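Geometric and topological summary
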Amino acid sequence: MRALTGIKPTGAPHIGNYLGMIEPALALTQRGSKITEGFYFIADYHALTTLHDPALMRQHSLDVAATWLALGLDPSRTCLFAQSDVPEVCELSWVLACMTGTGALERAHAYKAAQDRKPGEWGVNAGVFTYPVLMAADILIYDSNVVPVGADQRQHVEMARDMAQAFNSRFGQTLVVPEVLIREEVKLITGLDGQKMSKSYNNTIPLFAPSKKLRKIVMSIVTDSTPMEDPKDPDTCNVFALYRHFSTPEQQAALAARYRAPGMGYGEAKQTLYEAMEARLAEPRERYMYLLDHGAEVEEVLVEGAQRARSLARQTMERVRNAAGFRPGVRTRTG
Ligand code: TRP
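Residue positions are given per chain, counting from 1 as you read along its sequence in written order. In keeping with the predicted nature of the model, local features appear solely for residues at pLDDT of at least 70, side-chain atom pairs appear and are counted solely at 80 or more, and the whole-chain, interface and lining totals rest on all residues. The side-chain numbers reported here are obtained from all heavy atoms of the structure, hydrogens and water having been left aside.

The secondary structure listing takes helices from DSSP runs of H or I that are at least 4 residues long and strands from runs of E that are at least 2 residues long, numbered from the N terminus. The helix and strand tally for the protein chain stands at 14 helices and 5 strands. Atoms counted for the radius of gyration: C-alpha only. Globule rule: 2.2 Å times the number of residues to the power 0.38. For the protein chain, the C-alpha radius of gyration of 22 Å lies close to 20 Å, the compact-globule estimate for 335 residues. For the protein chain, the spread of C-alpha atoms along the principal axes amounts to about 75 × 45 × 40 Å. The buried share among the 335 residues of the protein chain stands at 49%. For the protein chain, the computed accessible surface area is about 16,400 Å², with 53% contributed by carbon and sulfur atoms. Residues scored as charged are limited to Lys and Arg (positive) and Asp and Glu (negative), so that His and the chain ends carry no count. In plain terms, the charge of a residue is placed at NZ if it is Lys, CZ if Arg, CG if Asp and CD if Glu. Here the protein chain contributes 37 positively and 38 negatively charged side chains, and the mean placements of these two sets differ by 4 Å. Working definition: with a 1.4 Å probe on protein chains only, accessible area under 20% of the residue-type maximum means buried, over 50% means exposed, and in between means partly exposed. Computed by Shrake-Rupley with a 1.4 Å probe, the accessible areas treat only the displayed protein chains as cover when residues are assessed.

A few words on the pattern of salt bridges. Close approach of charged atoms allows side chains of opposite charge to pair. What makes a salt bridge here is a side-chain nitrogen of Lys or Arg within 4 Å of a carboxyl oxygen of Asp or Glu, nothing more. Under the counting rule described, the total for this entry stands at 14 salt bridges. Among the charged side chains, a salt-bridge network with shared partners connects Arg2, Glu37 and Arg308.

Right, let's get into the side chain of Arg321. Mapped onto the elements of the fold, Arg321 is located in helix H13 (residues 295-324). Any two residues whose heavy atoms approach within 4.5 Å are treated as being in contact. Beyond its immediate sequence surroundings of up to four residues, Arg321 is in contact with Glu91, Phe326, Arg327, Pro328 and Gly329.

What follows is about the site of the ligand. We call a residue near a molecule or strand as soon as one heavy atom of that residue lies within 4 Å of the molecule or strand. With respect to spatial proximity, 14 residues lie near the ligand, and among them Lys8, His46, Tyr131, Asp138 and Gln153 are the closest. In protein, a polar contact requires one atom able to donate a hydrogen and another able to accept it; more generally it is a pair of N or O atoms within 3.5 Å, and residues adjacent in sequence count only if both atoms are side-chain atoms. Tyr131 places a side-chain nitrogen or oxygen 2.7 Å from a nitrogen atom of the ligand. At 2.9 Å, a side-chain N or O of Gln153 approaches a nitrogen atom of the ligand. When the ligand is considered free in solution it has 360 Å² of accessible area, and contact with the protein chains removes 90% of it. If you list the elements that add at least two residues to the shell around the ligand, you get strand E1 (2-7) and helix H7 (126-141). With 4 residues, H7 is the single largest residue contributor to the shell around the ligand. For this classification, the nonpolar set comprises Ala, Val, Leu, Ile, Met, Phe, Trp, Tyr, Cys and Pro, the charged set comprises Asp, Glu, Lys and Arg, and every other residue, Gly included, is treated as polar. A breakdown of the residues in the shell around the ligand according to their chemical character gives 8 nonpolar, 4 polar and 2 charged.

Relative to the assigned elements, Ser93 resides in helix H4 (residues 88-97). Of the residues examined, Ser93 reaches a relative accessible area of 14% and is grouped as buried.

As a further point, take the pairing of strand E2 (residues 37-42). Counting buried positions over the 6 residues of E2 gives 6, a clear majority of the element. The alternating pattern of E2 places Glu37, Phe39 and Phe41 on one face and Gly38, Tyr40 and Ile42 on the opposite face, and all of these are buried. Of the strand pairs in this sheet, E1 and E2 are connected by 6 bridges, and their pairing is parallel. Residue pairing across strands places Thr5 opposite Tyr40, the latter belonging to E2. Crossover handedness for the path E1 to helix H1 (residues 15-28) to E2: right-handed. Here a strand pair is declared whenever DSSP counts at least two bridges between the two strands. Sheet topology places E2 next to strand E3 (residues 78-82); 5 bridges connect them, and they run parallel. Residue pairing for E3: Phe41 is matched across the bridge by Phe81. Handedness of a crossover: with both strands directed away from the viewer, a clockwise path from the first strand across the helix to the second marks it as right-handed.

A few words on H4. Those residues of H4 that fall on the buried side of the exposure criterion are Glu88, Val89, Leu92, Ser93, Val95 and Leu96. Here the buried residues of H4 occupy an arc of 165° about the axis, which is enough to place them on one side. To obtain the arc, one takes the directions from the helix axis to the C-beta atoms.

Written out as structure tokens, the structure reads:
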């Protein structure tokens, strides 16, 4: 059983990425789980739909790789690599594009949202339109069984399933049809202002902000103006919502009791949240800082990952070529 997921290098990962996807993906590949292998990658080709700055592309690619490693990705069980190191994925992307109606792409939520944001002469680029096709190629080229993603990616994974089925029904059983995996309890991670945490809303908490900065950001979470002496409702509070993800049920009950009793200020709740986050993130943050300073170590992992990923991708492409009636890949014949 193989799990696969990707992260776009469009910024340093934030708490929403961590809770919604990175942590569940890492948990999936723990020893004893039925997933025996992870394929986790930097979706740099996907980032190119919006990021046209080479220095930032390099920086954020390192950020993403270092984040996975700092949080405990084990390279002996999980292949960590860059999407663009496996050019076969673009070949498969073309093949899948020829199995996909333009209507399906027009109905994609992400494409529609991009159109709403970008009217004007050029509008959105074609990469945004074909984004789900490349994403399907990512998933299908590694015979992935399970795709852990945030809730916003559900439709894209469903489109990948459709493309696999379309190919299989024309050319015979060739591609594995993947399952999406979305963690229900982390469907909605709220940001500083109570909306969904997202870079586009500018309300994120960086995953590895230095301790002082993290505290400052946590203190800026929006709360209501219930006076100190009045009881408060944990279930409608942004601070408490985040605390749930960094605490045990007992700790949650204790903080909820403080909310309901008079005399708790939101500053106290925020301090409790900050301490819980710090307890979870301080160690990985140190590893992260180390890896940013030792890019060569990260590079080594990525090179090895690319080799492994590429050899698997070539095998799948060979099956696809054969099924669709292409000549065998020259590469394969000449070794
Ligand atoms: N579209 C995903 C996101 O924005 C990133 C991604 C690219 C991905 N290819 C993928 C996720 C393949 C899962 C599988 O979050």
